[in-house]
Amino acid sequence: MPATMRPGVLAAAAAALVLAAGALSGGQQPAEHPHPLHEPAVPLQPLALHVRAITAALASLGQPLPADDQAAIEASLAQADEGAAVRGLQDALDKHVLVVVEINPESRVKVARGAARAELVEGGTRVFLVKVLNQAGVTAPLAVESPNSGRVFTPSWASGGSAEPPQTVTAQDVRERWADVSFYRPEVKVYSQPPLGERLSGFPVDYQVLQVYSRDRGQRSARLRFNVGQGSQDIGYRSEVAVLFDALPAYPVKLRVRDEQGRATVASFVVRDRLRRVYPSPSKRLAPDFPFQPQVYRKHGDTLLLPAGRYTVTCGRGPEYHVQEQELLVVDESDEVSCNLQRWIDPARHGWYSGDHHIHAAGCSHYESPTQGVEPKDMWAQAQGEALNVACVLTWGPCWYYQKRFFSGADHPLSTPESLLHYDIEVSGFPSSHAGHLALLGLKEQDYPGTTRIEQWPSWDLPVLKWAKAQGAVTGFTHSGWGLGVGTAELPNHEVPGFDSIGANEYIVDVTHEGAVDFISTADTPAPWELNIWYHALNVGFRTRVSGETDFPCITDDRVGQGRSYCKVDGKLSYRSWIDAIRDGRAYVGDGKSHLMDFTVNGREVGTEGSEVRLAAGELARATVKVAAWLDPLPNEAIRRLRHDQPPFWDLERARIGSSREVPVELVVNGRAVERRTVIADGTVREVSFAAPLRQSSWLAVRILPSSHTNPIFALVDGKPIRASRRSAEWALAGVNQCWTQKAPKIAPAEREDARRAYDHAREVYRRRIAESPPGS
């Protein structure tokens, strides 16, 4: 949106008069006129909902409404007089309208220039509003065309107008096609995207978001034509308007990026001007910059193109680093920004290496066409900019046949000794997806035997898990909480969930088949949903571990590594040693804002010697762990007031005690917190100790909920197996029965009998464990 704006009535000179008089000056407001277009009566409630969606869209595109206009919208919504509220909402948006489109009762389209200043920026995109006065109630898409837009208009030979394409594009072609003009049409609905559709709503007043990219600087004229389908244009040129834009020159600002040791590195940058607009604009970004993120990732020596002005620059490198903010004044090409990063913690120095095993390069918020997702170099920038030691890109259903070419069974050549990029598979978008999505890590072959197409894969999970395990893979369930939500956040709880989605659903069966599944994933769905099924499985004697993941950019497209595994690796980091640490439980999980390193019970370190320690009845289990956390001194109320089922699901802010910087560290025995300590989240590494007498064989873990969680250590009392809870075994048996009702209809008939036997096996296992568990436990 324009750098400076003032209220004004929408300009409404007929398009023919605009063409005759010449286009409006890009540096001036359109002349004010009485509004000649028909303003229909508008009900408040649907308009208010639409205005909310528009303001969210503008914010997601990095060009939010100015604070004064946001305040005016809120004041209008608080009005008792509906008519005044409707006028106030439109007044707040109308000053940002570049073009007014009227659709008459016969569905004819005519347009007039709006009040917005036609200011662009060289090499970047600005966003404007188009106001639609829809007298016909049309619900077709509103289309925009321009002979000056390279994407919309191509030479005649490109559309079949000439048998022989010319060898070169003419100078006139280059001069005329200086812009890229299109409506904002979000294709994928995720948490960060507003609910805007491609079609008009049919409501009397509609606002659409128009994106205009300028290749050049200086004054440039564009003809904009609008229609809602063939034959909808009005007579003459009234469906067309000429706009004289003024594109501000942009200057390359050099970036100096160094880590805590003074080495050149990669960081994330968020650049905003005084109107809170983001640069480069998220609108129309191309890889390696993603349009769904405010930040971009740049290495030392790279540049950013910025017009002259004052900016706030925020740089960082993931949750282990302090965030830096500085002011920048851009005058010319000589300007630069220095980002000297400082850590508050470095777990790798203690042998704990961070990784995100669930990252995608295609699908969800990513580009899917025409490039079929993004390249490894684009994902590498994200991983480096968030300081991940291991970034595992999982190829899945969307763009499978294109992305699978990056799989090699080895680390990608971009990898360095300290940072690894590796391609593996998520079984998502496959016939078995209904049973729960699977992460298959460390594969040697990526095609299921005898298949050439996704549709030929098994339609339930256990055969896929056995195939992956046969080639030495580490296997687990992703976004585990989906399908396991219930009405309580208690841990553990005994409500039987639906088992009706794509999380760790068939896990309740697979875990009873020895060696089939190594872990379930955490940190990207609500913690009570993920942890409850894990706690129950541990309570009846299974030893599945947990890992941390993000599912970028599907569950979240904010950044990779929001959910992480920190794995203990002895000696040189390798992908194999890292995923083996997940399999063995030599890992803790979390958001990277708190850390639980070197967890031991009676001297046994987690993930070593089977994580097993032997005690006599009544003997004390003495646990130690090194704890560190970082919270800003001032609470973030926006996160603190969220429900547990609202993202971000794992965040240290949720654990803050009151308004202090203290957080609770809990010793968990058989799913219950039995001891609690508090630590100050100031970045200091502190050793915390617990002691608990054990009367029966138990599992123990430490957590800062919902921010971090260790894997368990298994304490065998008098050599007996863990049978900590009969109620957990009963819950699991009920879960198998419920899961069958949901999954059986979707299992292929030829595979259903094998699946039935696997489910019956699980039922028998849980019945035995019910009998082996102490009554009342």
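Residues numbered from 1 in each chain as written. Predicted model: local features only at pLDDT ≥ 70, side-chain atom pairs only at ≥ 80, totals over all residues. Heavy atoms only, no water.

### Focus: the overall build of the chain
Counting its secondary structure elements, the chain contains 14 helices and 36 strands. Of all 777 residues assigned to the chain, the portion counted as buried reaches 57%. The contacts in the chain between residues at least 6 apart in sequence include a share of 75% that link residues at least 24 apart. Within the structure as shown, the chain displays about 30,000 Å² of accessible surface, and the carbon and sulfur contribution to it stands at 50%. (Helix = DSSP H or I, 4+ residues; strand = E, 2+ residues; numbered from the N terminus. Buried < 20%, exposed > 50% of the residue type's maximum accessible area, 1.4 Å probe, protein only. Contact = heavy atoms within 4.5 Å. Areas by Shrake-Rupley, 256 points an atom, 1.4 Å probe, with all protein chains shown as cover.)

### Some words on helix H8 (residues 461–470)
For H8, every residue scored as buried is listed here: Asp461, Leu462, Val464, Leu465, Trp467 and Ala468. Where the residues of H8 are buried, they touch strand E20 (420–427), strand E21 (438–441), strand E22 (474–477), helix H9 (507–510) and helix H14 (749–772). At the exit of H8 stands Gly472, carrying a positive phi of roughly 85°.

### Describing the nonpolar core
Judged by nonpolar contacts, the single largest core of 70 residues is most densely connected at Tyr507, Ile508 and Tyr766. Looking at this core element by element, the count peaks at eight residues for helix H10 (residues 527–539). If near-sequence neighbours (up to four positions away) are discounted, Tyr766 is found in contact with Ile508, Val511, Thr512, Val540, Phe542, Ala729, Ala732, Leu733 and Val736. Among the nonpolar cores identified, the runner-up in size contains 37 residues, and Val606, Val663, Ala692 and Val702 belong to it. (Core = buried A, V, L, I, M, F, W, Y, C linked by side-chain atoms within 4.5 Å.)

### Description of the pattern of salt bridges
Here the structure, examined in full by the defined rule, presents 53 salt bridges. Of the charged contacts in the structure, one is a salt bridge between Arg263 and Glu418, with a shortest N-O distance of 3.5 Å. Remark: Glu418 occurs in the loop between helix H7 (400–403) and E20 and Arg263 occurs in the loop between strand E10 (250–258) and strand E11 (266–273); sequence separation between them is 155 residues. Classification of Glu418 by relative accessible area gives partly exposed; the value is 46%. (Salt bridge = Lys/Arg side-chain N within 4 Å of Asp/Glu carboxyl O.)

### Let's talk about unusual backbone geometry
Along the chain, Leu491 connects to Pro492 via a cis peptide bond; the corresponding omega equals -20°. In this structure, Pro492 sits in the loop between E22 and H9. Of note, the amide linkage connecting Phe552 to Pro553 takes the cis form, showing an omega dihedral of -5°. Inspection of the secondary structure puts Pro553 in the loop between strand E24 (545–548) and strand E25 (564–568). Of note in this structure, Ala387 is not a glycine but carries a positive phi near 55°.

### Some points on the state of the cysteines
This model, assessed by the stated rule, comprises two disulfides. Here Cys315 engages in a disulfide with Cys339; their sulfurs sit 2.2 Å apart. Between Cys315 and Cys339, the disulfide has an S-S torsion of 95° and is therefore right-handed. Taken as a pair, Cys315 in strand E15 (residues 309–316) and Cys339 in strand E17 (residues 336–340) lie far apart in primary sequence, 24 residues in all. The same class applies to Cys315 as to Cys339, namely buried. Covalent S-S linkage joins Cys364 and Cys554, the inter-sulfur distance amounting to 2.0 Å. Here the S-S torsion is close to 105°, and the disulfide linking Cys364 with Cys554 is therefore right-handed. Here Cys364, found in the loop between strand E18 (352–359) and helix H6 (376–385), pairs with Cys554, found in the loop between E24 and E25; they are 190 residues apart in sequence, far enough to count as distant. By the burial criterion, Cys364 is buried, and Cys554 matches it. Each bonded cysteine of the chain gets a number by its place in the sequence, and the pairs then read 1-2, 3-4. (Disulfide = S-S within 2.5 Å.)

### Focus: H14
Taking 1.5 Å as the rise per residue, H14 with 24 residues should run 34 Å; its terminal C-alpha atoms sit 35 Å apart, in good agreement. Those residues of H14 that fall on the buried side of the exposure criterion are Glu751, Ala755, Ala758, Tyr759, Ala762, Arg763, Val765, Tyr766, Arg769 and Ile770. Where H14 is buried, its residues contact H8, H9 and helix H13 (726–743). (Expected span 1.5 Å × (residues − 1).)

### Side note on the sheet that holds strand E7 (residues 205–214)
In spatial order, the strands read E2-E1-E4-E7-E6; together these five strands make up an open sheet with mixed pairing. In this open sheet, the two strands that pair with only one neighbour each are strand E2 (109–113) and strand E6 (179–183). Between one strand axis and the next, the sheet turns by 25° as a mean value, whatever way the strands run. Relative to strand E4 (residues 124–134), strand E1 (residues 97–103) is paired through six bridges, and the arrangement is parallel. Bridge pairing in E4 places Ile103 opposite Asn134. Sheet strands in contact with helix H2 (residues 44–60) are E4 and E7, and its direction is about 10° off that of E7. (Pairing = 2+ DSSP bridges. Axes fitted to C-alpha atoms, helices over the stretch in contact; angles between N-to-C directions.)

### Some thoughts on the pairing of E2
For a regular strand, the rule is simple: side chains alternate between the two faces of the sheet. Of all the five residues making up E2, four are buried; the element is thus mostly covered by neighbouring parts of the structure. Between E1 and E2, which pair antiparallel and follow one another directly, the connecting turn spans five residues, one of which, Ser107, has a positive phi of 65°.

### Regarding the sheet that holds strand E33 (residues 686–693)
Spatial ordering of the open sheet is given by E28-E27-E30-E33, a layout of four strands whose pairing is antiparallel. The open sheet has two edge strands, strand E28 (604–605) and E33, and neither has a second partner.

### Looking at the packing of H2 against helix H3 (residues 67–77)
Helix-helix packing is described using two parameters, namely the angle between the two axes and the distance between the axes. Packing of H2 against H3 brings their axes to within 12 Å, and their N-to-C directions diverge by 160°. In this view, H2 runs roughly antiparallel relative to H3, as classed from their interaxial angle. Viewed along their axes, H2 and H3 form a crossing whose handedness is left-handed. When H2 is examined against H3, the residues Ala48, Val51, Arg52 and Thr55 are found in contact with a partner set consisting of Gln70, Ile73, Glu74 and Leu77. Its residues placed into classes, the contact of H2 with H3 shows four nonpolar, two polar and two charged. (Parallel < 35°, antiparallel > 145°, perpendicular 65-115°, else oblique. Left-handed = near helix turned anticlockwise from the far one by under 90°. Nonpolar A, V, L, I, M, F, W, Y, C, P; charged D, E, K, R; others polar.)

### Quick look at the packing of aromatic side chains
Remark: the centre distance and the inter-plane angle together describe each pair of aromatic rings, the angle taken between the planes. A full pass over the atoms with the stated rule returns 26 aromatic pairs. Relative to Phe245, the ring of Trp178 lies with its centre 6.1 Å away and its plane at 65°, an arrangement referred to as edge-to-face. Residue Trp178 is found in the loop between helix H5 (171–176) and E6, and its partner Phe245 is found in strand E9 (residues 240–248); the two are separated by 67 residues along the sequence. Classification of Phe245 as buried rests on a relative accessible area of 2%. (Phe/Tyr/Trp six-rings, centres within 6.5 Å; stacked < 30°, edge-to-face > 60°.)

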